[in-house]
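Each chain, written out:
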Amino acid sequence: VQLQASGGGLVQAGESLRLSCAASGSIFSINGMDWYRQAPGKQRELVAGITRGGNTNYADSVKGRFTISRDNAKNTVYLQMNSLKPEDTAVYYCNAIIATSRLSVLRSYWGQGTLVTVSS
């Protein structure tokens, strides 16, 4: 199983970016899908999460600006980031809880990270 994240880049404050993360490989089902971020010198933090059924949760710092969504048919999770701020600068990682077969246990998989840089 692989998670491939994309969509990062350099933007100015107030602009938008959309991140994508596609899961591929031997996948039976995907439960929760999340976005985390890690800024230089800081711990990795949860940004947003979405269940298979579409329930979402957000870090207080991004509520009202970021929207997480998923396409279950494509095994893909998205993060729409609006009104970006310099403090949003970080490497963004996707995470998914995946079962590779009907009888397998659920495991956590991580994408490789995509860098988002917001200039002031």
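Small disclaimer: the values here were computed from a predicted structure and weren't measured.

*Asks:* Just to check I follow, could you spell out the nonpolar core for this structure?
*Replies:* The tendency in soluble globular proteins is for nonpolar side chains to be buried as a group. Trp35, Leu79, Met81 and Tyr92 are the most contacted members of the largest nonpolar core, which has 30 residues in total. The leading source of residues in this core is strand E9 (residues 90-99), at five residues.

*Asks:* What is the right way to read the packing of aromatic side chains from this model?
*Replies:* A ring pair, where both rings are aromatic, is described by two values, the distance of the centres and the angle of the planes. Under the defined criterion, the tally for this structure stands at one aromatic pair. Between the NZ or CZ atom of Arg18 and the centre of the ring of Tyr78, over which it lies, the distance is 4.1 Å. Arg44 extends its terminal NZ or CZ atom over the ring of Tyr93, reaching a point 3.8 Å from the ring centre.

*Asks:* When you look at the pairing of strand E7 (residues 66-71) in this model, what are you seeing that I'm missing?
*Replies:* The side chains of a regular strand alternate between the sheet's two faces. Taking every second residue as pointing to the same face, the buried face of E7 carries Phe66, Ile68 and Arg70, while none of Thr67, Ser69 and Asp71 on the other face is buried. In the sheet, E7 pairs with strand E8 (residues 76-81) via six bridges, with the strands oriented antiparallel. Directly across from Phe66, in E8, lies its bridge partner Met81. Taking the residues that link successive antiparallel strands as the turn, the E7-E8 hairpin has four residues, and the phi of Asn75 there is positive, at about 50°.

*Asks:* Mind showing me how you'd approach the pattern of salt bridges here?
*Replies:* Pairing between side chains of opposite charge can happen when their charged atoms approach one another. Scanning the model with the defined rule gives four salt bridges in all. In this structure, Glu45 and Arg37 form a salt bridge, with 2.7 Å as the shortest nitrogen-oxygen distance. Ionic pairing is found between Asp88 and Arg37, a salt bridge with its closest N-O pair at 2.9 Å. With Asp88 in the loop between E8 and E9 and Arg37 in strand E4 (residues 29-38), this residue pair connects regions lying 51 residues apart in the sequence. Each member of the pair, Asp88 as well as Arg37, carries the same accessibility label: buried. Where salt bridges share partners, they join Arg37, Glu45, Arg65 and Asp88 into one cluster.

*Asks:* Explain the sheet that holds E8 here, please?
*Replies:* Backbone-to-backbone hydrogen bonds pair the strands of a sheet. The strands run either parallel or antiparallel. Ordered in space as E1-E3-E8-E7, the four strands form an open sheet in which the pairing is antiparallel. Single-partner strands in this sheet number two, and they are strand E1 (2-6) and E7. Averaged over all adjacent pairs, the angle separating strand axes in this sheet is 15°, with direction ignored. Here five bridges tie E1 to strand E3 (residues 17-24), and the two strands are oriented antiparallel to one another. Among the inter-strand pairings, Ala5 is bridged to a residue of E3, identified as Cys21.

Scoring rules and cut-offs
Residues numbered from 1 in each chain as written. Predicted model: local features only at pLDDT ≥ 70, side-chain atom pairs only at ≥ 80, totals over all residues. Heavy atoms only, no water. Core = buried A, V, L, I, M, F, W, Y, C linked by side-chain atoms within 4.5 Å. Buried < 20%, exposed > 50% of the residue type's maximum accessible area, 1.4 Å probe, protein only. Helix = DSSP H or I, 4+ residues; strand = E, 2+ residues; numbered from the N terminus. Phe/Tyr/Trp six-rings, centres within 6.5 Å; stacked < 30°, edge-to-face > 60°. Lys NZ or Arg CZ within 6 Å of the ring centre and 35° of its normal. Pairing = 2+ DSSP bridges. Salt bridge = Lys/Arg side-chain N within 4 Å of Asp/Glu carboxyl O. Axes fitted to C-alpha atoms, helices over the stretch in contact; angles between N-to-C directions.

Purely geometric numbers; function is a separate question.
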